[in-house]
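# A look at the structure
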Amino acid sequence: MANKLRKKFIGIASFAVFLVLLIILGVVNVVTATDIYAEVYSILDFIGENDGVMPDYKSTKKDNYDFFISEEARYENRYFTIFLDQDEGVTSMYMENIAAVSEEDAIELADAIVKLYDVKKKGGLFKEYGSITKNSLIYTYKVVENEDNCFIVFLDATQRLRSIHNMFIFSLYIGLISMLLFILILVLLSSRVIRPMVLNNEKQKEFITNAGHELKTPIAIISANTEVIEMTTGKNEWTESTMNQVKRLSGLINDLITLARMDEASDMVLENVDYSKEAHEVADSFESLAKADNKILESSIDDDIIVKAEKKSLHTLINILMDNAVKYCDDGGKVTISLSKKNKQSILLVSNSYKDGANADYSRFFDRFYREDESHNSAKKGYGIGLSMAKGIVDVFGGKISVSYSDGVILFTVII
């Protein structure tokens, strides 16, 4: 129990931190990349609006741009401009602010952009942004077409765009290291965090077990005294009622003790058990009870289905589901049990007709002490712990149990 709770706590906490880191680092990377691209495109716009050449600082209009314009701006930004004619091709170029690109490379880059946009077919150049790589350097470009001329501005954005990649890699390392450190801290401190819950759970189980054993003595005395009274004065409705309540109380105490010990999976030894045989035995034991209540019991159990389980607990599981089905089945209704194997999983289906089950809260059926009839005045006797025990048994076996309702039928499905 403590191990399971500890692993669950570590898993949930780790996922929460992973989600937070993913959101924070993701937002930081997106904002950084957006700002860098905005700056790059703003520089291209600035050059494009000044006819392909960055103007002198004194004559520069400094409004509505996403980059800082200073006297050094024309020297800090490495760019070149290729002027084009639709018919003649490259007419001139501005190469004063670039050193890593030759005229031949510049023309080659311009031709690549022209071919990309297929100037001849489209009848002219279009205002577009993009990026292209040459000699391991990244150039962003803007294609400008106006009444006077057409040109392409290329900006060396290598360092800016690589900083986005570096930021991403850095974020991955930071995120990974943060997660590993957090998981390490969780592993070291998780025992302390869940210790109060574990102690509280152990005290509860200890209390239930001790109280159950203590209650067995007075119940045994009441039962013995009632038997003596019956021997002396004979049976009557009062002694029969007392004995019935003693049996109910004894059953409740045994169920509570079993439920309290259910989480101790380490005490249960799983082995190969004949599932088919146990299902047949339980189904046969309920056949006479179903007939007595004017209910139809149908079974379809495949033979030789073997599962990894504990024999007594597996028998109890089937018994709980069958008891629940017969108990809550409509008068004159039908109870069915089927067992089959699909791939490597065994599937147990137990259903019963129940016309009033449409409004039941099926999400709570496996809660301890939950009963659909919350007034506890139902003629159908029970304490609402049977299905909780069934779920506990299935969990120990490493299986799944679920309940559904359709067309007036409640269906319990157990997959092991």
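Residues numbered from 1 in each chain as written. Predicted model: local features only at pLDDT ≥ 70, side-chain atom pairs only at ≥ 80, totals over all residues. Heavy atoms only, no water.

## Overview of the overall build of the protein
For the protein, the count of helices and strands is nine helices and 12 strands. The burial tally for the protein puts 38% of its 416 residues in the buried class. Pairs at least 24 residues apart make up 64% of the contacts formed inside the protein by residues separated by at least 6 positions. Surface exposure of the protein reaches about 25,100 Å², of which carbon and sulfur atoms provide 54%. (Helix = DSSP H or I, 4+ residues; strand = E, 2+ residues; numbered from the N terminus. Buried < 20%, exposed > 50% of the residue type's maximum accessible area, 1.4 Å probe, protein only. Contact = heavy atoms within 4.5 Å. Areas by Shrake-Rupley, 256 points an atom, 1.4 Å probe, with all protein chains shown as cover.)

## What to know about the packing of aromatic side chains
In the structure shown here, the tally under the stated rule is seven aromatic pairs. Taking the centre distance of 4.7 Å and the plane angle of 45° together, the rings of Tyr41 and Tyr129 count as tilted. Taken as a pair, Tyr41 in helix 1 (residues 2-48) and Tyr129 in strand 3 (residues 128-134) lie far apart in primary sequence, 88 residues in all. Since its relative accessible area comes to 27%, Tyr41 is described here as partly exposed. Between Phe83 and Phe151, the ring centres sit 5.5 Å apart and the planes meet at 55°, which makes this aromatic pair tilted. Placement of the pair is Phe83 in strand 1 (residues 79-85) and Phe151 in strand 5 (residues 150-156), with a sequence separation of 68 residues. By way of ring pairs, the aromatic residues Phe80, Tyr139, Tyr141 and Phe154 are connected into one cluster. (Phe/Tyr/Trp six-rings, centres within 6.5 Å; stacked < 30°, edge-to-face > 60°.)

## A few points about the confidence of the model for the protein
The predicted model of the protein averages 81 in pLDDT, with 86% of residues at 70 or higher. Low pLDDT (under 50) marks residues 374-379, which in the prediction has four contacts with non-local residues, meaning those over four places away or in another chain. (pLDDT = per-residue confidence, 0-100.)

## Considerations on the pairing of strand 10 (residues 345-353)
Of all nine residues in strand 10, seven are buried, a share of seventy percent or more. Note that strand 9 (residues 334-342) and strand 10 share eight bridges and pair antiparallel. Across the sheet, residue Thr336 finds its bridge partner in strand 10, namely Ser351. Remark: two residues form the turn of the hairpin made by strand 9 and strand 10, two consecutive strands paired antiparallel; Asn343 in that turn has positive phi of roughly 55°. Where strand 10 meets strand 12 (residues 409-415), seven bridges bridge the pair, whose relative direction is antiparallel. Each residue of the ladder has a partner; that of Ser351, found in strand 12, is Leu411. (Pairing = 2+ DSSP bridges.)

## Section: the environment of Asn254
Topologically, Asn254 is positioned in helix 6 (residues 237-260). Residue classification places Asn254 among the partly exposed positions, given a relative accessible area of 37%.

## Quick look at the sheet that holds strand 11 (residues 400-406)
Spatial strand order, 7-9-10-12-11: five strands in an open sheet with mixed pairing. Among the strands making up the open sheet, the edge pair consists of strand 7 (296-301) and strand 11. Going from strand to strand, the sheet's axes swing by 15° on average, the running direction of each strand aside. With six bridges connecting them, strand 7 and strand 9 associate as parallel partners. Note that in strand 9 the partner of Ser300 across the bridge is Ser338. Against the sheet, helix 7 (residues 275-292) touches strand 7, strand 9, strand 10 and strand 12, its axis set at about 170° to strand 7. Against the sheet, helix 9 (residues 386-397) contacts strand 11 and strand 12, and its axis sits at roughly 135° relative to strand 11. (Axes fitted to C-alpha atoms, helices over the stretch in contact; angles between N-to-C directions.)

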